[in-house]
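# A look at the structure
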Amino acid sequence: MNSLGNVPRVPRRLPSGSPFVMVIVIVVVILFLMLFARNFFYAFERVDEQEVGVQFQGGRIKNVVGPGVYTDVGLFVQLVRVSSQAIPFNVQDQEIITKDKQRIGLMVSGDIFRPNISQADTIQALWAQYRSIYLQDDLARSRMQDQARQAMKVCVGDRTFDDNVVGTARDVLRQCIDDELNERAKNFGLRVENLVVPDVILSGAVQSALDAIVQSRLETEKAAQDKLRADAQADAEQARQEGEIRIEQSRIQEQARQQTALAQLEEQKVAAQRAVIEAERANELARVEAERAVIEAQKQNELLAAQRDIEIAQALAIAAEEQAKAQIAVETALATLYAGRPEYVQLLIAQANASALKSTDKVIFTPEGVTPTLVLPGPGIVPTVDTTPN
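Residues numbered from 1 in each chain as written. Predicted model: local features only at pLDDT ≥ 70, side-chain atom pairs only at ≥ 80, totals over all residues. Heavy atoms only, no water.

Along its length, the chain carries 8 helices and 8 strands. In the chain, which comprises 390 residues, the proportion classed as buried is 18%. Taking the contacts inside the chain whose residues are at least 6 apart along the sequence as the reference set, 64% of them involve residues at least 24 apart. (Helix = DSSP H or I, 4+ residues; strand = E, 2+ residues; numbered from the N terminus. Buried < 20%, exposed > 50% of the residue type's maximum accessible area, 1.4 Å probe, protein only. Contact = heavy atoms within 4.5 Å.)

Below, the structure is given as structure tokens:
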């Protein structure tokens, strides 16, 4: 006979109409309906502060809305969010030819902005063409980088090397690129702000040539100042000596200036050390004062505690005295009564004696000075005095 643990278990089958199967069918139907119904409504969809919402119905733009919470019901309705935050970009081109056939490089950076709620018409007009640019930051950045390179070539190519590189010409160049790039960005419904040209890149050959030009100009100016070298050798020598004197004077002045600066630094160092010492001293005095205040507060607390203990003891003594007075007040009143009313005392004595006698007590009267004979109750003995009440 098999034990209970070896009896094989027969799996139970759920009947086809069991509640469990019905629940599964209902859940599957609900999920299917939810997936299918998403094409016909959306509820409580939020558009944040930095976004623009584009509402669609039947595949066409129905409305462009600002920040808020939206619900819609219809045939194939949808809400798409477009970010209005800045998209930073930077682009570099090292091979740009100027109007006078010089080669330079530029670096440009700025921020790209998509249309906002005030440009709802632009979104509706250009959505079909540039939807991916409005939804993908990388694609918008890449497209504007290409347009920036083209704007850089246009602005640099219309100007000479000096007009692109020297002095305030860089600000004019930056404004030109900004205007050209924003004009191109309008085609996509975008705009570019905060555009800067942080660096102008010169090749090694161009840099060497520029240095040579500058050196040549310096030498020409020096020759002009020295006038004719052959005719003014003495003036040149004098100018050289004067230059050496000026250099020596400048060196002496610089040494004096440095010594003055060192003296000022040393003075500031001493003042700082003095301030630190004074601060430490003030902190120590404050600490001692704080400790003294704590000790005084502790002593004051102890004094207050002692005074309270004395006051409590005095109150207890007064209470004990009043209690004693209350206890002896009755006895004093009785003593006064007894002293003024002796007959009342006799009455109390008589009552006390009467109350002391019981029905079984025996009273024997004898002459004064005679010892009474004790009579013990027993057979044949009768009471001398009957104290039993009638």
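And the narrative resumes.
Position of aspartate 111 relative to the elements: it lies in strand β7 (residues 103-113). When neighbours within four sequence positions are excluded, aspartate 111 is seen to be in contact with Ala86, Ile87, Pro88, Phe89, Arg191, Val192, Glu193 and Asn194.

The subject of this paragraph is the packing of helix α3 (residues 137-157) against helix α5 (residues 169-185). Remark: α3 packs on α5, axes separated minimally by 9 Å, with the N-to-C direction vectors making an angle of 135°. When the axes of α3 and α5 are compared, the pair comes out oblique. Crossing of α3 against α5: the hand is right-handed. Residues Met144, Gln147, Ala148, Gln150, Ala151, Met152, Val154, Cys155 and Val156 of α3 touch α5, and the partners they reach there are Leu173, Cys176, Ile177, Glu180, Leu181, Arg184 and Ala185. Each residue belonging to the contact of α3 with α5 can be placed in one class, and the counts come to 12 nonpolar, 2 polar and 2 charged. (Axes fitted to C-alpha atoms, helices over the stretch in contact; angles between N-to-C directions. Parallel < 35°, antiparallel > 145°, perpendicular 65-115°, else oblique. Left-handed = near helix turned anticlockwise from the far one by under 90°. Nonpolar A, V, L, I, M, F, W, Y, C, P; charged D, E, K, R; others polar.)

All told, the structure shown has 1 disulfide when counted by the stated rule. Here cysteine 155 engages in a disulfide with cysteine 176; their sulfurs sit 2.2 Å apart. An S-S torsion of about -90° defines the bridge between cysteine 155 and cysteine 176 as left-handed. Pair noted here: cysteine 155 is in helix α3 and cysteine 176 is in helix α5, with a separation of 21 residues, a long-range link. (Disulfide = S-S within 2.5 Å.)

Strands sit in the order β6-β7-β8 across an open sheet of 3 strands; the sheet is antiparallel. Because the sheet does not close on itself, it has two edges, and the strands there are β6 (87-97) and β8 (191-202). For this sheet, the mean inter-axis angle between neighbouring strands, taken without regard to orientation, is 20°. Here 8 bridges tie β7 to β8, and the two strands are oriented antiparallel to one another. Considered in β8, the bridge of isoleucine 112 is made with valine 192. Those strands touched by α3 are β6, β7 and β8, and its axis lies near 35° from that of β6. Each of β6, β7 and β8 touches α5; the most contacted strand, β8, lies at about 135° to it. (Pairing = 2+ DSSP bridges.)

With that settled, the discussion passes to the packing of aromatic side chains. The tally for this structure, following the rule as stated, stands at 3 aromatic pairs. Considering the side-chain rings of phenylalanine 56 and tryptophan 127, the 5.6 Å spacing of their centres and the 55° angle between planes classify their relative orientation as tilted. Taken together, the residues span a long stretch of sequence, with phenylalanine 56 in strand β2 (residues 51-57) and tryptophan 127 in helix α2 (residues 120-135) at a distance of 71 residues. In this pair, the class of phenylalanine 56 matches that of tryptophan 127, namely buried. (Phe/Tyr/Trp six-rings, centres within 6.5 Å; stacked < 30°, edge-to-face > 60°.)

The next thing to look at is the sheet that holds β2. The strands making up a sheet associate through backbone hydrogen bonding, with each pair oriented either parallel or antiparallel. Taken in spatial order, the 3 strands make up an open sheet running β3-β2-β5, and their pairing is antiparallel. Either end of the sheet is taken by a strand with one partner, and the two such strands are β3 (60-65) and β5 (77-83). If you compare each strand with its neighbour and ignore which way they point, the axes differ by 25° on average.

Once that is clear, we can look at a nonpolar patch on the surface. Side chains of Phe20, Val21, Ile24, Val25, Val28 and Val29 sit close together on the surface and give an oily, nonpolar patch of about 490 Å² of accessible area. Here valine 29 shows up in helix α1 (residues 19-37). (Patch = residues over 30% accessible without salt bridge, like charges linked within 9 Å, V, L, I, M, F, W, Y side chains within 5 Å. Areas by Shrake-Rupley, 256 points an atom, 1.4 Å probe, with all protein chains shown as cover. Salt bridge = Lys/Arg side-chain N within 4 Å of Asp/Glu carboxyl O.)

With that out of the way, let us pick up the pattern of salt bridges. All told, the structure shown has 20 salt bridges when counted by the stated rule. Among the salt bridges present, the one from lysine 153 reaches aspartate 93, with a minimum N-O distance of 2.9 Å. Here lysine 153 is found in helix α3, whereas its partner aspartate 93 is found in strand β6, with 60 residues between them in sequence. Aspartate 93 gets classed as buried once you look at its relative accessible area, which sits at 11%. What emerges from the salt-bridge pattern is a single network uniting Glu284, Arg287 and Glu291.

These results come straight from atomic positions and should not be treated as a statement about function.
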